[in-house]
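The lines below spell out each chain.
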Amino acid sequence: MNPGPIAVAVMICSLGATTVFLRLAIDHGSVDDARLLRSSFQTLAIVIGVLAVQGIGGFHVALRPGVAFAALNGALGGVAFILFSKGLESVDVSRAKPAMVVGMVVPVVLGVALLREPMTPRKAAGVVLAGVAVYLLSSDGR
């Protein structure tokens, strides 16, 4: 059995649930406490997950360009989380999370521009549909 589709489904559900739980934490406590605890537990979960997948002796980090890109990925992810949690203080979850779909357009554009990936009709349709979805989900329904 291929665990890939199950892992993707769990990831999608987890990402959606995390936004709701973060908003609940912000609504029922200190925003700073919510950010600190969310970040701390996320870091702990990542470390435990990596240890489970790689094994304790499976780390061999050599300083290569890939390490710098991975570090940049983590740093930008941290900045994105801080800004997203700041936005959740005043924006409804039902508007904030769909807006993150626009963030999925950025890798497509960068992949085409920097990595020379082809812009297929399917990708172009996905970009357009993501924009339509964000508009529909974040509008007032008028």
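See the structure shown above.
Residues numbered from 1 in each chain as written. Predicted model: local features only at pLDDT ≥ 70, side-chain atom pairs only at ≥ 80, totals over all residues. Heavy atoms only, no water.

Visitor: Would you mind showing me how to read the side chain of Ser-85 here?
Guide: Along the chain, the position of Ser-85 falls in helix H3 (residues 65-88). Residue classification places Ser-85 among the buried positions, given a relative accessible area of 0%. Side-chain polar atoms of Ser-85 contact the backbone oxygen of Ile-82, separated by 3.0 Å. With residues near it in sequence (within four places) discarded, Ser-85 still touches Leu-22, Ile-26 and Arg-35. (Helix = DSSP H or I, 4+ residues; strand = E, 2+ residues; numbered from the N terminus. Buried < 20%, exposed > 50% of the residue type's maximum accessible area, 1.4 Å probe, protein only. Polar contact = N/O pair within 3.5 Å; in protein donor to acceptor, adjacent residues only side chain to side chain. Contact = heavy atoms within 4.5 Å.)

Visitor: Quick question: what am I supposed to make of the packing of helix H1 (residues 4-27) against H3 here?
Guide: For any two helices packed against each other, one specifies the crossing angle of their axes together with the interaxial distance. At a minimum axis distance of 10 Å, the contact between H1 and H3 shows a crossing angle of 60°. By the criterion of interaxial angle, the relationship of H1 to H3 is oblique. Our pair here, H1 against H3, has a crossing hand that is right-handed. The segment H1 lies against H3, with Thr-19, Leu-22, Arg-23 and Ile-26 engaging Phe-81, Phe-84, Ser-85 and Leu-88. Considered class by class, the residues forming the contact of H1 with H3 number 5 nonpolar, 2 polar and 1 charged. (Axes fitted to C-alpha atoms, helices over the stretch in contact; angles between N-to-C directions. Parallel < 35°, antiparallel > 145°, perpendicular 65-115°, else oblique. Left-handed = near helix turned anticlockwise from the far one by under 90°. Nonpolar A, V, L, I, M, F, W, Y, C, P; charged D, E, K, R; others polar.)

Visitor: What am I meant to see in a nonpolar patch on the surface here?
Guide: A cluster of nonpolar side chains, contributed by Val-8, Met-11, Ile-12 and Leu-15, occupies part of the molecular surface with about 360 Å² of accessible area. The class of Ile-12 is exposed, set by a relative accessible area of 52%. (Patch = residues over 30% accessible without salt bridge, like charges linked within 9 Å, V, L, I, M, F, W, Y side chains within 5 Å. Areas by Shrake-Rupley, 256 points an atom, 1.4 Å probe, with all protein chains shown as cover. Salt bridge = Lys/Arg side-chain N within 4 Å of Asp/Glu carboxyl O.)

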